Amino acid sequence: MPKGMVNRNNPTLFETMSFTQYNFIRLRILPIAIAALILVHKQTFAQQANEKFKWPEGKSFGLSLSFDDARLSQMDGGAALLDEYGIKATFFVVPADVEKRHSGWKDAVKNGHEIGNHTLTHPCSGNYPWSRHKAIEDYTLDQMRTELVESNKKIETLLGVRPILFAYPCGQTYVGRGANTKSYVPLVAGLFFVGRTYRDKIANDPSFCDFAQITGIDMDNTDFEDILPLLENARKNGQWVVLGGHEMGESGFQTTRVAMLRKLMEYALEPANGVWLAPIGTVAKYISETRR
Ligand SMILES: [Zn+2]
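These figures come from a predicted structure and were not determined experimentally.

Chemist: I tried to follow the overall build of the protein on my own but got confused; where do I start?
Modeler: The secondary structure content of the protein amounts to ten helices and twelve strands. By residue count, 34% of the 292 residues in the protein fall in the buried class. For the protein, the proportion of contacts with a sequence separation of at least 24, taken over those separated by at least 6, is 74%.

Encoded structure:
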């Protein structure tokens, strides 16, 4: 039979169908079959991603609490609240503010809290009026390097620890402006084990995250109920949640609320919830070793 001609003695399946049957398959069955295939593919992919990372025995996800700027309230009751529950946190400090509560900070280090670098002068975008005279838009990478190195030296002199962790002030990771803008992430990657950003919307995937830019989720001015879905999602997906706050108190501007923290710590200490609550450096070290 010449190529291209239909053999009427052996009709194909589609040739035996009525026009209505053909349209039913084309318009109803096929789209459902394609959607089902996509769903199966997505679920398999998600399972593969989740199965890659193994948290310590009995733990389903990681949680780290961090507090920035060495605000006075952190030493005027905040650290004591954490100590009440035996919880260790990470504090990203500016040396000049450590000096305002020097003995308190020394005690915090003795009690096992972790100290990180948060630059010398906390430079952010000049869009913040208080940062206009030290705007990162006017910074160079060399200036930033000097800030980071000097801050580490001062923290070591004040507290006897040399930070290997860093939090980007205002969560901003660049210096300069326009075509001359440069990321200072590579600088942080060279000087520190971990760099934490801020006001992110997603937790870290331990099998993938970049230690130079781990995500930090804002916990200021939130209730525990606001944070719970994030924790439940992290438990389901085996993520590492890093929370970031500023003041520690009952309420107020940029304040991590005592009531929220109490509920959060109680949740974390309940073994059935499978939370591994530990400082950023401890979790990052575990992740780094487990990945290897
Ligand atoms: Zn800050």
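Chemist: Just to check I follow, could you spell out the environment of Arg-145 for this structure?
Modeler: Among the secondary structure elements, Arg-145 is positioned in helix H6 (residues 141-159). Each C-alpha atom, one on Arg-145 and one on Val-188, is 8.5 Å from the other, the two residues being 43 residues apart in sequence.

Chemist: How should the pairing of strand S9 (residues 240-245) be read in this particular structure?
Modeler: For a regular strand, side-chain orientation follows a simple rule: the groups alternate between the two sheet faces. Within S9, six of the six residues are buried, which leaves it mostly tucked inside the rest of the structure. Of the two faces of S9, the one carrying Trp-240, Val-242 and Gly-244 and the one carrying Val-241, Leu-243 and Gly-245 are both buried. Pairing analysis gives six bridges linking strand S1 (residues 61-68) to S9, with the strands arranged parallel. For Ser-66, the partnering residue across the bridge sits in S9 and is Gly-244. Where strand S8 (residues 217-218) meets S9, two bridges bridge the pair, whose relative direction is parallel. The residue bridging Asp-218 from the neighbouring strand is Gly-244, located in S9. Viewed along the sheet, the connection from S8 through helix H8 (residues 224-237) into S9 turns out right-handed.

Thresholds, definitions, all that
- Residues numbered from 1 in each chain as written.
- Predicted model: local features only at pLDDT ≥ 70, side-chain atom pairs only at ≥ 80, totals over all residues.
- Helix = DSSP H or I, 4+ residues; strand = E, 2+ residues; numbered from the N terminus.
- Buried ≥ 20, exposed ≤ 12 C-beta atoms within 10 Å, placed from the backbone.
- Contact = placed C-beta atoms within 7 Å.
- Pairing = 2+ DSSP bridges.
- Right-handed = clockwise from strand over helix to strand, strands pointing away.

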